[in-house]
Amino acid sequence: MKKLYIVYSLLVLMILGIAACKKLLPKAPKDDEILDGPVEGLTAEEKIRFLEGDRAFNNEIFTSETGLGPYFVANSCGSCHAGDGKGHPFTTLTRFGQADSTGNTYMNFGAPQLQNRAIPGFSPEQIPAGAAFSKFTPPANTGLGFLEALTDVQILANADPTDANNDGISGVPNYVNAPAYFIPKSHHITWSGKFVGRFGKKAAAIDLWNQTVNAYVQDMGITSEYAMLEPAINGVASPYGDPTPDPEVPSSRVQNLIFYLRTLKAPVQRDQNNSDVQAGKQVFMNIGCEKCHKAEWTTQKADINALSYKTFYPYTDLLLHDMGSGLNDGYTEGTAKTSEWRTPPLWGLGLSKNSQGGQYFLLHDGRATSIQQAIEMHGGEGQSSNSAYQSLSQTEKDQLIKFLESL
Amino acid sequence: MKKAIILCLIILSHQVFSQKDSSFIKRTPADTSKMKMNMDAVYNRPFLTAGKFPVALGGYLEANSSYFGTDGVTEGLSFQIPRLTLFLSSTIKKRIKFLSEIEFEEGGKEIAIEFASMDIELHPLLNLRGGVIMNPIGAFNQNHDGPKWEFISRPISATSIIPSTWSNVGFGIFGKYARNNFVWAYEAYMTNGFDDKIISNSESRTWLPASKENPERFEESSNGVPLITAKTAFRHRKIGEIGVSWMGGVYNKFEDDGLVIDKQRRIDLYAIDFNTNLPRINTYITGEWVWANVDVPETYSQAFGSKLQGGFLDIVQPILKRKVFGWENATLNLAFRTEYVDYNVGNFRETGGNISDHIVAIVPGISFRPSQQTVIRFNYRYHWQTDLLGNPASRTAGFQFGFSTYF
């Protein structure tokens, strides 16, 4: 009798256990709460490539044996762009050596990027005395495929170098020299050998290929077929460094990683129907934020079907703006002035804290620790909308912040 | 080599097992007297002896199934045999003993000699031991047999800070002194130790188990400086046991071919362990805490922590002890483990903020022991892992069901 009792209770326990199985496992965060994930409409083949790239981005951690360094800033893409989101002061990097559009005069001294860490036995790089420098906090990596799919013509349509419309906002592209491996697409236009840059804080990278190759070699000391020299320090650019034969990543992996960046989904806005959020969006339009943080774009035909003819909401014009002396670090890239910064996309802004260790580090170097601060630091072309913000009622300010946090 | 070992073991086991039914085979049960301590774990196991055959054979098997999910993504149900271990022991001569423990991990993918040593007793207070030794740091490392625990997974601190099973070639001394209700014991060994991999690995954190990947560590030391491990423990028959241990040495290759390439960098681990049986209600409590200090180069990445700590606390409550299905003295236990590891105790230089990189886990479970040698266990595990920057924890949870038995 007793025996049966035990057998029955064991059986009941097991059935309960199995039934509870799914319930007792952690739930997936909602799609609009995370940045990682592919764009909709990829083919199975494209999904496999996406996953390959995802692994290269998040799981491939370099060691001195697999090529890290000898001078580096971090050991994986994912360590700086956690969950594809923004970075932290710990992963913030430094660039130096260029003070005007004539170019970087410290190229023989390890410019443009400082490798502030080194594998054991090597001493990291120091900024040469007197060199201008700026700190860059990692941006989020989402939705970049949509931005890359835009044509130069679309971007230039918003440029207003002479401020012809007299709104105090000009907006200029950064014209940059293309690396040797760059293959122009039909949507690229050239100006005496230079191209329009669109990625990075100063819009100094033309496409994601350019950005990725630089990230490998400058951020991690990982050489590829496209950049065979280890980062130079103290004037010595040399293939010598770690014992790993170059190239340290195969081109196929670089290409899969680029494919991953191109097909990462765009952040999904939350609380779109909330009345405060809607009112906040109206405030955003009214006080001129949208003149630079351009809300809506539509792609034309792209080589990845899932990116063709898509309307998306990045809140950027991909152009450079003079942001005033407060944000002028004295360092620049390409034809940008030292006070000019590319308008950063605002999509995903509300999720920034989830990758920045629970707090905000906004603007190019993470100096703003709240959205309010970021707005209040807008000078130059951004001054008038900053002033308009400051004279808003508290309710309107709250609504605006609520809208920005919903992005 | 691997094949030869397997073949030998098969022949040997055949010799013993093929005569299973005859009274020729005798089972030497594990000594469960209250004076046994963690350091006695290697010998305190059930062995089979066959007539005059000079070698006693034993071992254990662990098999389980698990169903885990992380943030809504599950790999589904899977089955594992994490390890099959064989022990061979023999008394070569009075007071000269040999014991070896050979482990087949994950279905034979890896074969490891976890222990293979000769012990010579000169006096109870002075024994010599040489061979492959399990370093006596904490208690779990020496006392890790599956059937002894109510939990399917090993404690995280005991596998990833103390890289159990951590054994090395070396020699040393141990001894024991008993009086009335007290026993005092000590152990001290010099062995080969850690290598550079602990701060150069694809875990992107100070990761002591990385040294186990070095296939040469049984042949030669990575740097010629011995790792010293020392432990002392007290046991009171009625109160319980407490142990304090230290393991320290130099981990890096500071000299190559006679040239000094770095300074000597130390690693030191300190551990405290205890176990007790509460009188009357018979609750069994055991726990261990370990601190590790590692001299990581200043100019390397702070992702590799210079201070680590962690531990676990297990509470096991027998709720039934009687004859079940004809097994005398079968017991049913409720068990609960809490555990914590912090792979990086410290603050970011850039912000002064705390470096996270920690795991918290709880594991409630039920175990049934038809006899002391065999345990059938059901665990539920919930585990929060926070990254370096302190972003929202990723949550993993799941069920494990399995058995572990000596044979």
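Residues numbered from 1 in each chain as written. Chains lettered and ligands numbered in written order. Predicted model: local features only at pLDDT ≥ 70, side-chain atom pairs only at ≥ 80, totals over all residues. Heavy atoms only, no water.

**As for the packing of aromatic side chains**
Counting across every chain of the model gives 37 aromatic pairs over all chains. Ring plane angle 25° and centroid distance 5.6 Å describe the contact between Tyr-181 of chain A and Trp-209 of chain A, whose orientation is recorded as stacked. Of the two residues, Tyr-181 of chain A sits in the loop between β5 (174-177) and β6 (190-191) while Trp-209 of chain A sits in helix α6 (residues 208-220), which places them 28 residues apart along the sequence. Among the residues examined, Tyr-181 of chain A registers a relative accessible area of 15% and is labelled buried. Grouping aromatic residues by their ring pairs yields a cluster made of Phe-378, Tyr-380, Tyr-382, Trp-384, Phe-399 and Phe-401 of chain B. When the ring centre of Phe-90 of chain A is taken as origin, the NZ or CZ atom of Arg-117 of chain A, which lies over that ring, is 4.6 Å away. Directly above the aromatic system of Trp-297 of chain A lies the positively charged group of Lys-294 of chain A, at a separation of 5.0 Å from the ring centroid. (Phe/Tyr/Trp six-rings, centres within 6.5 Å; stacked < 30°, edge-to-face > 60°. Helix = DSSP H or I, 4+ residues; strand = E, 2+ residues; numbered from the N terminus. Buried < 20%, exposed > 50% of the residue type's maximum accessible area, 1.4 Å probe, protein only. Lys NZ or Arg CZ within 6 Å of the ring centre and 35° of its normal.)

**What about the packing of helix α2 (residues 44-59) of chain A against helix α7 (residues 251-263) of chain A?**
Residue and element names in this part refer to chain A. Taken N-terminus to C-terminus, the directions of α2 and α7 make an angle of 105°; their axes are 7 Å apart at the nearest point. Accordingly, the angle class assigned to the pair α2 and α7 is roughly perpendicular. Side by side, α2 and α7 meet where Glu-46, Arg-49, Phe-50, Glu-52, Gly-53, Asp-54, Ala-56, Phe-57 and Asn-58 of the first sit next to Arg-253, Gln-255, Asn-256, Leu-257, Phe-259, Tyr-260, Leu-261 and Thr-263 of the second. Residues that form the contact of α2 with α7 fall into these classes: seven nonpolar, five polar and five charged. (Axes fitted to C-alpha atoms, helices over the stretch in contact; angles between N-to-C directions. Parallel < 35°, antiparallel > 145°, perpendicular 65-115°, else oblique. Contact = heavy atoms within 4.5 Å. Nonpolar A, V, L, I, M, F, W, Y, C, P; charged D, E, K, R; others polar.)

**Description of a nonpolar patch on the surface**
Residues and elements named next belong to chain B. There is a patch of nonpolar side chains on the surface, built from Phe-234, Ile-242, Tyr-270, Ile-272, Phe-274, Trp-291, Leu-313, Ile-315 and Phe-336 and spanning about 740 Å² of accessible area. Of all the elements in the fold, those that place two or more residues in the nonpolar patch are β14 (266-277) and β16 (307-324). No other element matches β14, which puts three residues into the nonpolar patch. The exposure class assigned to Tyr-270 is partly exposed, which follows from its relative accessible area of 37%. (Patch = residues over 30% accessible without salt bridge, like charges linked within 9 Å, V, L, I, M, F, W, Y side chains within 5 Å. Areas by Shrake-Rupley, 256 points an atom, 1.4 Å probe, with all protein chains shown as cover. Salt bridge = Lys/Arg side-chain N within 4 Å of Asp/Glu carboxyl O.)

**Brief notes about α2 of chain A**
Residues and elements named next belong to chain A. Under the 1.5 Å per step criterion, the end-to-end length of α2 is 21 Å for 16 residues, consistent within 8% with the ideal 22 Å. The complete set of buried residues in α2 reads Glu-46, Phe-50, Gly-53, Asp-54, Ala-56 and Phe-57. With its buried residues spanning 165° around the axis, α2 presents them on a single face. The outward face of α2, more than 90 degrees from its buried face, is lined by the exposed residues Ala-44, Glu-45, Ile-48 and Asn-59. (Expected span 1.5 Å × (residues − 1). Arc of directions from axis to C-beta.)

**Some thoughts on the interface of chain B and chain A**
If you look at the interface, chain B gives 40 residues, while chain A gives 39 residues. Both faces considered, chain B and chain A share a buried interface measuring about 3000 Å² in area, 68% of it formed by carbon and sulfur atoms. Considering only the side of chain B, the residues that lose the most area to chain A are Thr-299, Phe-325 and Leu-389 of chain B, jointly responsible for 19% of the buried surface there. Inspection of the region where chain B meets chain A yields two salt bridges. In this structure, Arg-117 of chain A and Glu-350 of chain B form a salt bridge, with 3.4 Å as the shortest nitrogen-oxygen distance. (Buried area = accessible area lost by both parts, 1.4 Å probe.)

**Focus on the pairing of strand β7 (residues 194-197) of chain A**
Residues and elements named next belong to chain A. Note: β5 against β7, four bridges, orientation antiparallel. Bridge pairing in β7 links Tyr-175 to Val-196. Sheet topology note: the β6/β7 ladder contains two bridges and is antiparallel. When the bridges of β7 are listed, Thr-190 appears paired with Phe-195. Hairpin connection, β6 to β7: the antiparallel pair is bridged by two residues, and Ser-192 has positive phi, about 35°. (Pairing = 2+ DSSP bridges.)

**Some remarks on the environment of Asp-71 of chain B**
Looking at the secondary structure, you find Asp-71 of chain B in the loop between β3 (55-70) and β4 (73-93). Asp-71 of chain B sits 324 residues away from Arg-395 of chain B along the chain, and the two C-alpha atoms are 5.6 Å apart. With residues near it in sequence (within four places) discarded, Asp-71 of chain B still touches Pro-26, Lys-27, Ala-28 and Pro-29 of chain A together with Ser-394 and Arg-395 of chain B.

**Structural notes on the environment of Pro-138 of chain A**
All names here are of chain A. Tracing the backbone through its elements, the reader meets Pro-138 in the loop between β4 (133-136) and α4 (144-149). For Pro-138, a relative accessible area of 9% translates into the label buried. Along the backbone, Pro-138 and Lys-291 are 153 residues apart, and their C-alpha atoms lie at a distance of 24 Å. Setting aside anything within four residues of it in sequence, one finds Pro-138 in contact with Cys-80, His-81, Lys-86, Gly-87, His-88, Thr-91, Thr-92 and Lys-201.

**Examining the domain arrangement of chain A**
What the domain assignment reports for chain A is domain 1 (2-31), domain 2 (36-262) and domain 3 (275-406). Each of domain 1 of chain A and domain 2 of chain A was reduced to a C-alpha centroid, and the two centroids are 50 Å apart. (Domains from an automatic or database assignment.)

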